[in-house]
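A structural walkthrough
Below are the chains, spelled out letter by letter.
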Amino acid sequence: MANNRGVVYLEPGKVAVQDIDFPELKNPKGKKINHGVVLKVISTNICGSDQHMVRGRTTAPAGLILGHEITGEVIEAGTDVEFLKKGDLVSVPFNVACGRCRTCKEMKTGICLSVNEGRAGGAYGYVDMGGWIGGQAEYVMVPYADFNLLQFPNKDQAMEKIRDLTMLSDIFPTGFHGAVKAGVGPGTTVYIAGAGPVGLAAAASAQLLGAAVVIVGDMNKARLAHARSFGCETVDLTLDATLTEQITQILGVPEIDCAVDCVGFEASGHGTDSKKEVPAAVLNSLMEITRAGGSIGIPGLYVTEDPGAEDKAAQKGNLSIRFGLGWAKSHSFHTGQTPVMSYNRQLMQAILYDKVQIAKAVNVEVISLDDAPRGYEEFDSGVAKKFVINPHNLIPDVKPKAKAKQEPIDA
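Residues numbered from 1 in each chain as written. Predicted model: local features only at pLDDT ≥ 70, side-chain atom pairs only at ≥ 80, totals over all residues. Heavy atoms only, no water.

A separate point is the state of the cysteines. With the rule as written, the count across this model stands at zero disulfides. Among the cysteines around C104, which has no disulfide bond, C101 carries the closest sulfur, lying 3.7 Å off. For C104, a relative accessible area of 1% gives the class buried. C112 carries a free sulfur, and the closest cysteine sulfur to it, the one in C98, is 3.6 Å from it. Overall, the relative accessible area of 0% leaves C112 in the buried class. (Disulfide = S-S within 2.5 Å. Buried < 20%, exposed > 50% of the residue type's maximum accessible area, 1.4 Å probe, protein only.)

Pairing of strand β1 (residues 4-11) with strand β2 (residues 14-20), which is carried by seven bridges, proceeds in the antiparallel orientation. Of the residues in β2, the one forming a bridge with V8 is A16. A loop of two residues connects β1 with β2, the two strands running antiparallel in sequence, and G13 in this loop sits at a positive phi of about 85°. (Pairing = 2+ DSSP bridges. Helix = DSSP H or I, 4+ residues; strand = E, 2+ residues; numbered from the N terminus.)

Read across the sheet, six strands follow the order β12-β11-β10-β13-β14-β15 without closing on themselves; strand pairing throughout is parallel. Each edge of the open sheet is held by one strand with a lone partner, namely β12 (233-236) and β15 (332-334). Ignoring strand direction, the axes of neighbouring strands in this sheet form an average angle of 20°. Alignment of strand β13 (residues 256-261) against strand β14 (residues 290-297), held across four bridges, turns out to be parallel. Its bridge partner lying in β14, C258 is registered against S295. (Axes fitted to C-alpha atoms, helices over the stretch in contact; angles between N-to-C directions.)

Ranked by size, the top nonpolar core spans 49 residues in total, and within it L168, I192 and I358 carry the most contacts. A per-element tally of this core places helix α7 (residues 197-208) first, with six residues. Contacts of I358, omitting those with residues within four sequence positions, involve D164, M167, F172, A201, A204 and I351. (Core = buried A, V, L, I, M, F, W, Y, C linked by side-chain atoms within 4.5 Å. Contact = heavy atoms within 4.5 Å.)

Here we come to helix α8 (residues 221-229). In an α-helix, one turn spans 3.6 residues, which is why side chains three or four residues apart end up on the same side. Within α8 the residues assigned to the buried category are R223, L224, H226 and A227. All buried residues of α8 fall inside an arc of 160° around its axis, so they share one side. Looking at the buried residues of α8, the elements they touch are α7, β11 (213-218), β12, α14 (358-362) and α15 (372-381). Two to three positions downstream of the cap, the backbone nitrogen of A222 sits 3.0 Å from a side-chain oxygen, assigning the N-cap of α8 to N220. (Arc of directions from axis to C-beta. Polar contact = N/O pair within 3.5 Å; in protein donor to acceptor, adjacent residues only side chain to side chain.)

A positive phi angle, close to 45°, is found at Y144, a residue other than glycine. Inspection of the secondary structure puts Y144 in the loop between β8 (139-142) and α3 (145-148). With a relative accessible area of 16%, Y144 lands in the buried category.

It is worth spelling out the packing of aromatic side chains at this point. Applying the stated criterion across every chain yields a total of three aromatic pairs. Look at F22 and Y139: their rings are 4.9 Å apart centre to centre, the planes differ by 45°, and that puts the pair in the tilted class. One end of the pair, F22, is in the loop between β2 and β3 (37-45); the other, Y139, is in strand β8, with 117 residues separating them in the sequence. Owing to a relative accessible area of 30%, F22 belongs among the partly exposed residues under this scheme. (Phe/Tyr/Trp six-rings, centres within 6.5 Å; stacked < 30°, edge-to-face > 60°.)

Counting through the fold element by element, H68 comes out in the loop between α1 (48-54) and β4 (70-77). H68 sits 27 residues away from N95 along the chain, and the two C-alpha atoms are 8.2 Å apart. In contact with H68, other than residues within four places in its own chain, are C47, S49, D50, V92, F94, Y124, Y126 and D170. Polar side-chain contacts of H68 include one of 3.4 Å to the side chain of D50. A polar atom in the side chain of H68 sits 3.0 Å from the side chain of D170.

Quick look at the pattern of salt bridges now. Side chains carrying opposite charge are able to pair once their charged atoms draw close together. Under the criterion given, the structure shown has 23 salt bridges. For K26, the salt bridge is made with E24, and the minimal N-O distance between the two is 3.7 Å. For K26, a relative accessible area of 37% corresponds to the partly exposed category. The residue E69 makes a salt bridge to K386 at a minimum N-O spacing of 3.1 Å. With E69 in the loop between α1 and β4 and K386 in strand β17 (residues 386-390), the pair connects residues that are 317 residues apart, well separated along the chain. E69 gets classed as buried once you look at its relative accessible area, which sits at 0%. Via salt bridges that share partners, R55, R57, E266, E277, D306 and D380 belong to a single interconnected network. (Salt bridge = Lys/Arg side-chain N within 4 Å of Asp/Glu carboxyl O.)

Moving on, we come to helix α10 (residues 281-289). Among the nine residues in α10, eight count as buried, and that is most of the element. Listed as buried for α10 are A281, V282, L283, N284, S285, L286, M287 and I289. Where α10 is buried, its residues touch β10 (189-193), α9 (243-251), β13, β14, α12 (323-328) and β15.

As C-alpha coordinates, this is what we get:
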(Lines give C-alpha, C1' and ligand atoms only; values in the text may rest on other atoms or scores of the structure.)
Protein backbone atom coordinates (compact mmCIF):
# COMPACT_ATOMS: atom_id res chain seq x y z
CA MET A 1 0.00 0.00 0.00
CA ALA A 2 1.25 3.51 -0.83
CA ASN A 3 2.46 5.60 2.10
CA ASN A 4 2.15 8.92 0.33
CA ARG A 5 -0.89 10.87 -0.83
CA GLY A 6 -1.26 13.63 -3.37
CA VAL A 7 -3.71 15.78 -5.34
CA VAL A 8 -4.41 14.17 -8.71
CA TYR A 9 -6.01 15.76 -11.78
CA LEU A 10 -8.79 13.45 -13.01
CA GLU A 11 -10.68 15.38 -15.67
CA PRO A 12 -11.74 18.97 -16.38
CA GLY A 13 -13.16 20.40 -13.17
CA LYS A 14 -12.23 17.45 -10.98
CA VAL A 15 -9.28 16.65 -8.68
CA ALA A 16 -9.00 14.09 -5.89
CA VAL A 17 -6.62 13.18 -3.09
CA GLN A 18 -5.30 9.68 -3.79
CA ASP A 19 -2.60 7.29 -2.64
CA ILE A 20 0.51 7.82 -4.75
CA ASP A 21 4.00 6.31 -4.76
CA PHE A 22 6.47 7.38 -2.14
CA PRO A 23 9.16 9.44 -3.90
CA GLU A 24 12.48 7.88 -4.86
CA LEU A 25 15.75 9.45 -5.94
CA LYS A 26 14.99 8.90 -9.62
CA ASN A 27 14.37 11.19 -12.59
CA PRO A 28 11.13 10.99 -14.64
CA LYS A 29 12.69 8.28 -16.84
CA GLY A 30 13.39 6.11 -13.81
CA LYS A 31 17.16 6.65 -13.73
CA LYS A 32 18.61 6.74 -10.22
CA ILE A 33 20.04 10.12 -9.26
CA ASN A 34 22.23 11.03 -6.30
CA HIS A 35 21.86 14.82 -6.45
CA GLY A 36 18.29 14.89 -5.14
CA VAL A 37 16.51 14.96 -1.79
CA VAL A 38 13.17 13.69 -0.53
CA LEU A 39 11.13 16.29 1.33
CA LYS A 40 8.39 15.98 3.89
CA VAL A 41 6.06 18.67 2.59
CA ILE A 42 5.32 21.34 5.18
CA SER A 43 3.22 23.57 2.89
CA THR A 44 2.20 23.48 -0.74
CA ASN A 45 -0.03 26.01 -2.44
CA ILE A 46 -2.77 25.99 -5.05
CA CYS A 47 -1.71 28.21 -7.96
CA GLY A 48 -3.72 29.91 -10.68
CA SER A 49 -1.55 28.02 -13.16
CA ASP A 50 -2.88 24.76 -11.68
CA GLN A 51 -6.39 26.03 -12.34
CA HIS A 52 -5.68 26.41 -16.07
CA MET A 53 -5.03 22.66 -16.19
CA VAL A 54 -7.94 21.72 -13.96
CA ARG A 55 -10.31 23.78 -16.11
CA GLY A 56 -9.22 21.72 -19.12
CA ARG A 57 -7.46 24.64 -20.79
CA THR A 58 -4.24 22.71 -21.42
CA THR A 59 -3.26 19.28 -22.70
CA ALA A 60 -2.62 17.98 -19.16
CA PRO A 61 -3.26 14.21 -18.97
CA ALA A 62 -5.51 12.57 -16.41
CA GLY A 63 -3.49 11.21 -13.51
CA LEU A 64 -1.11 14.17 -13.28
CA ILE A 65 -0.02 14.80 -9.68
CA LEU A 66 -0.35 18.54 -9.20
CA GLY A 67 1.66 21.13 -7.32
CA HIS A 68 4.71 23.30 -7.94
CA GLU A 69 4.68 25.62 -4.90
CA ILE A 70 6.50 23.58 -2.25
CA THR A 71 8.15 24.13 1.12
CA GLY A 72 9.49 21.13 2.99
CA GLU A 73 11.87 19.40 5.39
CA VAL A 74 14.70 17.23 4.10
CA ILE A 75 14.22 13.61 5.23
CA GLU A 76 16.59 11.90 2.76
CA ALA A 77 19.56 13.19 0.79
CA GLY A 78 21.42 11.60 -2.11
CA THR A 79 25.12 10.83 -1.81
CA ASP A 80 26.05 13.78 -4.07
CA VAL A 81 24.24 16.34 -1.91
CA GLU A 82 26.89 18.35 -0.06
CA PHE A 83 25.23 21.41 1.47
CA LEU A 84 21.93 20.09 2.81
CA LYS A 85 21.14 17.56 5.52
CA LYS A 86 18.21 15.82 7.14
CA GLY A 87 16.07 18.24 9.11
CA ASP A 88 16.80 21.33 7.00
CA LEU A 89 13.73 23.41 6.13
CA VAL A 90 13.81 24.61 2.53
CA SER A 91 11.87 26.50 -0.12
CA VAL A 92 11.59 24.84 -3.54
CA PRO A 93 11.63 27.12 -6.59
CA PHE A 94 8.92 25.94 -8.97
CA ASN A 95 11.56 25.87 -11.72
CA VAL A 96 13.35 22.53 -12.00
CA ALA A 97 16.90 23.53 -12.97
CA CYS A 98 20.16 21.64 -13.35
CA GLY A 99 22.56 24.48 -12.53
CA ARG A 100 24.94 23.28 -15.23
CA CYS A 101 23.56 24.23 -18.64
CA ARG A 102 24.11 27.53 -20.45
CA THR A 103 20.87 29.16 -19.32
CA CYS A 104 21.22 28.03 -15.70
CA LYS A 105 24.72 29.50 -15.60
CA GLU A 106 23.14 32.75 -16.79
CA MET A 107 20.61 32.37 -13.90
CA LYS A 108 17.78 31.95 -16.39
CA THR A 109 16.55 28.99 -14.40
CA GLY A 110 13.04 29.15 -15.83
CA ILE A 111 14.41 27.84 -19.14
CA CYS A 112 16.87 25.15 -18.06
CA LEU A 113 17.96 23.21 -21.12
CA SER A 114 18.44 19.76 -19.58
CA VAL A 115 15.46 18.91 -17.34
CA ASN A 116 12.81 18.65 -20.06
CA GLU A 117 13.20 16.84 -23.36
CA GLY A 118 10.23 18.63 -24.92
CA ARG A 119 11.39 22.22 -24.58
CA ALA A 120 13.37 24.59 -22.40
CA GLY A 121 12.16 24.79 -18.80
CA GLY A 122 10.89 22.33 -16.23
CA ALA A 123 8.46 22.45 -13.31
CA TYR A 124 6.88 20.11 -10.79
CA GLY A 125 3.41 18.74 -11.46
CA TYR A 126 2.81 20.66 -14.66
CA VAL A 127 1.87 19.73 -18.21
CA ASP A 128 4.73 19.57 -20.75
CA MET A 129 7.29 20.54 -18.11
CA GLY A 130 9.42 17.41 -17.98
CA GLY A 131 7.33 14.88 -16.08
CA TRP A 132 8.55 15.87 -12.59
CA ILE A 133 6.10 14.70 -9.91
CA GLY A 134 4.09 17.46 -8.26
CA GLY A 135 4.30 18.50 -4.64
CA GLN A 136 0.67 18.83 -3.55
CA ALA A 137 1.44 15.73 -1.56
CA GLU A 138 2.81 14.51 1.74
CA TYR A 139 6.27 13.81 0.28
CA VAL A 140 8.10 14.87 -2.89
CA MET A 141 11.51 14.45 -4.55
CA VAL A 142 13.58 17.47 -5.61
CA PRO A 143 16.54 16.97 -8.00
CA TYR A 144 19.78 19.01 -8.14
CA ALA A 145 19.07 19.88 -4.52
CA ASP A 146 22.22 21.85 -3.72
CA PHE A 147 21.52 24.19 -6.62
CA ASN A 148 17.74 24.46 -6.40
CA LEU A 149 16.85 24.67 -2.74
CA LEU A 150 16.80 27.76 -0.54
CA GLN A 151 17.51 26.82 3.07
CA PHE A 152 15.91 28.91 5.80
CA PRO A 153 18.56 30.06 8.30
CA ASN A 154 16.49 29.44 11.44
CA LYS A 155 13.92 26.66 11.45
CA ASP A 156 11.87 27.93 14.40
CA GLN A 157 11.73 31.46 12.99
CA ALA A 158 10.78 30.07 9.60
CA MET A 159 7.89 28.05 11.03
CA GLU A 160 6.55 31.19 12.73
CA LYS A 161 6.51 32.92 9.34
CA ILE A 162 5.66 29.89 7.22
CA ARG A 163 2.50 31.48 5.76
CA ASP A 164 4.69 34.16 4.23
CA LEU A 165 7.72 32.02 3.40
CA THR A 166 5.63 29.45 1.52
CA MET A 167 5.03 32.18 -1.08
CA LEU A 168 8.74 32.13 -2.04
CA SER A 169 8.33 29.04 -4.23
CA ASP A 170 6.42 30.92 -6.93
CA ILE A 171 3.81 33.59 -6.32
CA PHE A 172 5.92 36.22 -4.53
CA PRO A 173 8.95 36.00 -6.87
CA THR A 174 6.57 35.89 -9.85
CA GLY A 175 4.77 39.06 -8.78
CA PHE A 176 8.08 40.70 -7.95
CA HIS A 177 9.58 39.65 -11.30
CA GLY A 178 6.63 41.17 -13.15
CA ALA A 179 7.06 44.43 -11.26
CA VAL A 180 10.84 44.54 -11.78
CA LYS A 181 10.56 43.82 -15.50
CA ALA A 182 7.89 46.52 -15.81
CA GLY A 183 10.41 49.02 -14.43
CA VAL A 184 8.71 49.66 -11.08
CA GLY A 185 10.81 51.85 -8.81
CA PRO A 186 10.55 54.76 -6.38
CA GLY A 187 7.86 57.24 -7.40
CA THR A 188 6.45 55.26 -10.32
CA THR A 189 2.78 54.83 -11.14
CA VAL A 190 1.87 51.21 -11.71
CA TYR A 191 -1.12 49.37 -13.18
CA ILE A 192 -1.54 45.68 -12.40
CA ALA A 193 -4.02 43.70 -14.45
CA GLY A 194 -5.63 41.04 -12.29
CA ALA A 195 -6.39 40.90 -8.55
CA GLY A 196 -5.84 37.19 -8.16
CA PRO A 197 -3.00 36.00 -5.91
CA VAL A 198 -0.25 36.79 -8.45
CA GLY A 199 -1.70 40.25 -9.07
CA LEU A 200 -1.90 40.92 -5.34
CA ALA A 201 1.68 39.68 -4.93
CA ALA A 202 2.73 42.02 -7.74
CA ALA A 203 0.94 44.88 -6.00
CA ALA A 204 2.74 44.17 -2.71
CA SER A 205 5.99 43.91 -4.66
CA ALA A 206 5.41 47.28 -6.32
CA GLN A 207 4.89 48.82 -2.89
CA LEU A 208 8.11 47.17 -1.67
CA LEU A 209 9.92 48.65 -4.69
CA GLY A 210 8.73 52.16 -3.80
CA ALA A 211 5.91 52.83 -6.27
CA ALA A 212 4.01 56.07 -5.67
CA VAL A 213 0.64 54.66 -6.76
CA VAL A 214 -0.36 51.05 -7.34
CA ILE A 215 -3.60 50.52 -9.27
CA VAL A 216 -5.13 47.04 -9.55
CA GLY A 217 -7.77 46.20 -12.15
CA ASP A 218 -10.20 43.27 -12.03
CA MET A 219 -13.87 42.31 -12.43
CA ASN A 220 -14.13 40.59 -9.05
CA LYS A 221 -15.37 43.01 -6.41
CA ALA A 222 -14.16 40.91 -3.45
CA ARG A 223 -10.65 40.75 -4.86
CA LEU A 224 -10.66 44.49 -5.57
CA ALA A 225 -11.78 45.16 -2.00
CA HIS A 226 -8.89 43.09 -0.71
CA ALA A 227 -6.44 45.05 -2.89
CA ARG A 228 -7.74 48.27 -1.34
CA SER A 229 -7.23 46.79 2.14
CA PHE A 230 -3.47 47.16 1.85
CA GLY A 231 -3.31 50.51 0.10
CA CYS A 232 -3.95 49.91 -3.60
CA GLU A 233 -6.19 51.98 -5.84
CA THR A 234 -8.56 49.89 -7.95
CA VAL A 235 -10.50 49.93 -11.20
CA ASP A 236 -13.59 47.82 -11.87
CA LEU A 237 -13.40 46.50 -15.42
CA THR A 238 -17.10 45.59 -15.50
CA LEU A 239 -18.01 49.29 -15.59
CA ASP A 240 -18.87 51.11 -18.80
CA ALA A 241 -16.04 53.59 -18.16
CA THR A 242 -12.94 52.57 -20.10
CA LEU A 243 -9.71 51.63 -18.39
CA THR A 244 -8.13 54.84 -19.66
CA GLU A 245 -10.97 56.90 -18.18
CA GLN A 246 -10.65 55.19 -14.81
CA ILE A 247 -6.87 55.62 -14.80
CA THR A 248 -7.35 59.33 -15.56
CA GLN A 249 -9.81 59.67 -12.69
CA ILE A 250 -7.20 58.29 -10.27
CA LEU A 251 -4.02 59.92 -11.59
CA GLY A 252 -5.27 62.97 -13.49
CA VAL A 253 -3.48 61.70 -16.61
CA PRO A 254 -4.47 58.87 -18.98
CA GLU A 255 -1.28 56.85 -18.64
CA ILE A 256 0.90 54.96 -16.19
CA ASP A 257 4.65 54.41 -16.00
CA CYS A 258 4.65 50.64 -15.56
CA ALA A 259 2.22 47.83 -16.36
CA VAL A 260 2.06 44.19 -15.23
CA ASP A 261 -0.11 41.47 -16.81
CA CYS A 262 -1.12 39.02 -14.08
CA VAL A 263 -4.06 37.56 -16.00
CA GLY A 264 -2.68 35.66 -18.99
CA PHE A 265 -4.48 33.87 -21.78
CA GLU A 266 -7.86 33.37 -20.06
CA ALA A 267 -8.55 37.09 -20.23
CA SER A 268 -11.98 38.67 -20.69
CA GLY A 269 -13.04 41.87 -22.37
CA HIS A 270 -13.89 45.07 -20.50
CA GLY A 271 -17.20 46.82 -19.85
CA THR A 272 -20.02 45.32 -21.90
CA ASP A 273 -17.60 42.57 -23.05
CA SER A 274 -16.59 41.62 -19.51
CA LYS A 275 -18.36 38.27 -19.71
CA LYS A 276 -16.77 37.45 -23.06
CA GLU A 277 -13.40 35.75 -23.39
CA VAL A 278 -10.92 37.95 -25.27
CA PRO A 279 -7.43 36.41 -24.87
CA ALA A 280 -5.52 39.52 -25.99
CA ALA A 281 -7.63 42.03 -24.04
CA VAL A 282 -5.12 42.60 -21.25
CA LEU A 283 -2.07 42.96 -23.49
CA ASN A 284 -3.85 45.40 -25.79
CA SER A 285 -5.17 47.48 -22.91
CA LEU A 286 -1.73 47.69 -21.32
CA MET A 287 -0.24 49.03 -24.53
CA GLU A 288 -2.93 51.71 -24.57
CA ILE A 289 -2.26 53.01 -21.06
CA THR A 290 1.52 52.55 -20.71
CA ARG A 291 3.55 55.67 -21.43
CA ALA A 292 5.79 55.87 -24.48
CA GLY A 293 9.06 54.16 -23.69
CA GLY A 294 7.53 52.21 -20.80
CA SER A 295 7.82 48.52 -20.01
CA ILE A 296 5.23 45.78 -19.64
CA GLY A 297 5.96 42.81 -17.40
CA ILE A 298 4.03 39.67 -18.38
CA PRO A 299 4.16 36.99 -15.66
CA GLY A 300 0.61 35.97 -16.63
CA LEU A 301 0.60 32.56 -18.32
CA TYR A 302 0.31 32.17 -22.09
CA VAL A 303 0.24 28.70 -23.64
CA THR A 304 1.22 27.18 -26.97
CA GLU A 305 -2.02 25.17 -27.06
CA ASP A 306 -5.39 26.02 -25.51
CA PRO A 307 -7.95 23.30 -26.36
CA GLY A 308 -10.67 25.21 -24.52
CA ALA A 309 -10.33 28.45 -26.49
CA GLU A 310 -13.39 29.72 -28.35
CA ASP A 311 -11.60 30.50 -31.62
CA LYS A 312 -9.22 28.34 -33.65
CA ALA A 313 -6.37 30.84 -33.63
CA ALA A 314 -6.31 31.01 -29.83
CA GLN A 315 -6.35 27.22 -29.66
CA LYS A 316 -2.87 27.34 -31.19
CA GLY A 317 -1.74 30.22 -28.99
CA ASN A 318 -2.24 32.87 -31.69
CA LEU A 319 -3.68 36.11 -30.29
CA SER A 320 -4.87 39.30 -32.01
CA ILE A 321 -2.34 41.64 -30.41
CA ARG A 322 -1.99 45.28 -31.48
CA PHE A 323 1.75 44.90 -31.74
CA GLY A 324 2.02 47.96 -33.95
CA LEU A 325 0.78 50.12 -31.07
CA GLY A 326 3.45 48.76 -28.76
CA TRP A 327 6.09 49.21 -31.46
CA ALA A 328 5.02 52.82 -32.10
CA LYS A 329 5.28 53.61 -28.38
CA SER A 330 8.68 51.84 -28.05
CA HIS A 331 7.38 49.53 -25.37
CA SER A 332 9.51 46.77 -23.89
CA PHE A 333 7.80 43.40 -23.30
CA HIS A 334 9.13 40.87 -20.80
CA THR A 335 7.63 37.38 -20.89
CA GLY A 336 8.30 33.85 -19.69
CA GLN A 337 8.54 31.87 -16.49
CA THR A 338 10.01 33.61 -13.50
CA PRO A 339 13.59 32.63 -12.61
CA VAL A 340 12.71 32.22 -8.95
CA MET A 341 16.30 31.90 -7.77
CA SER A 342 17.03 35.44 -8.95
CA TYR A 343 14.75 36.78 -6.24
CA ASN A 344 13.89 34.27 -3.53
CA ARG A 345 16.81 34.88 -1.15
CA GLN A 346 16.28 38.66 -1.10
CA LEU A 347 12.53 38.25 -0.67
CA MET A 348 13.12 35.77 2.16
CA GLN A 349 15.12 38.46 3.94
CA ALA A 350 12.35 41.00 3.39
CA ILE A 351 9.91 38.58 5.04
CA LEU A 352 12.17 37.63 7.93
CA TYR A 353 12.89 41.29 8.72
CA ASP A 354 9.22 42.32 8.47
CA LYS A 355 9.54 44.52 5.39
CA VAL A 356 6.55 42.87 3.73
CA GLN A 357 3.52 40.83 4.82
CA ILE A 358 2.90 38.86 1.66
CA ALA A 359 0.53 36.31 3.27
CA LYS A 360 -1.74 39.16 4.34
CA ALA A 361 -1.57 40.75 0.88
CA VAL A 362 -2.71 37.56 -0.88
CA ASN A 363 -5.11 36.58 1.95
CA VAL A 364 -3.78 33.13 2.85
CA GLU A 365 -6.14 30.42 4.06
CA VAL A 366 -4.53 27.23 5.35
CA ILE A 367 -6.37 23.99 4.53
CA SER A 368 -5.71 20.28 4.99
CA LEU A 369 -4.60 18.00 2.16
CA ASP A 370 -8.01 16.30 2.21
CA ASP A 371 -9.63 19.72 1.77
CA ALA A 372 -7.67 20.45 -1.43
CA PRO A 373 -10.59 19.67 -3.81
CA ARG A 374 -12.68 22.24 -1.94
CA GLY A 375 -9.82 24.72 -2.22
CA TYR A 376 -9.70 24.22 -5.99
CA GLU A 377 -13.45 24.68 -6.26
CA GLU A 378 -13.52 27.87 -4.20
CA PHE A 379 -10.45 29.32 -5.91
CA ASP A 380 -12.07 28.73 -9.29
CA SER A 381 -15.20 30.56 -8.11
CA GLY A 382 -13.10 33.71 -7.62
CA VAL A 383 -12.75 33.98 -3.85
CA ALA A 384 -10.19 36.51 -2.68
CA LYS A 385 -7.94 33.90 -1.08
CA LYS A 386 -4.66 32.05 -1.57
CA PHE A 387 -5.05 28.43 -0.47
CA VAL A 388 -2.08 26.87 1.33
CA ILE A 389 -2.24 23.10 1.81
CA ASN A 390 -0.95 21.77 5.14
CA PRO A 391 -0.32 18.04 4.49
CA HIS A 392 1.00 17.09 7.94
CA ASN A 393 -0.87 19.70 10.02
CA LEU A 394 2.43 21.32 10.99
CA ILE A 395 1.63 24.96 10.24
CA PRO A 396 1.27 26.66 13.63
CA ASP A 397 -1.62 28.89 14.53
CA VAL A 398 0.55 31.97 14.89
CA LYS A 399 -1.12 35.18 15.97
CA PRO A 400 0.54 38.59 15.56
CA LYS A 401 2.57 39.56 18.58
CA ALA A 402 1.04 42.38 20.61
CA LYS A 403 3.07 45.55 20.70
CA ALA A 404 4.68 46.29 24.02
CA LYS A 405 2.90 49.01 25.96
CA GLN A 406 4.85 52.28 25.82
CA GLU A 407 5.55 53.54 29.31
CA PRO A 408 5.34 57.33 29.80
CA ILE A 409 8.65 59.12 30.03
CA ASP A 410 9.13 61.41 33.01
CA ALA A 411 9.89 64.97 32.07
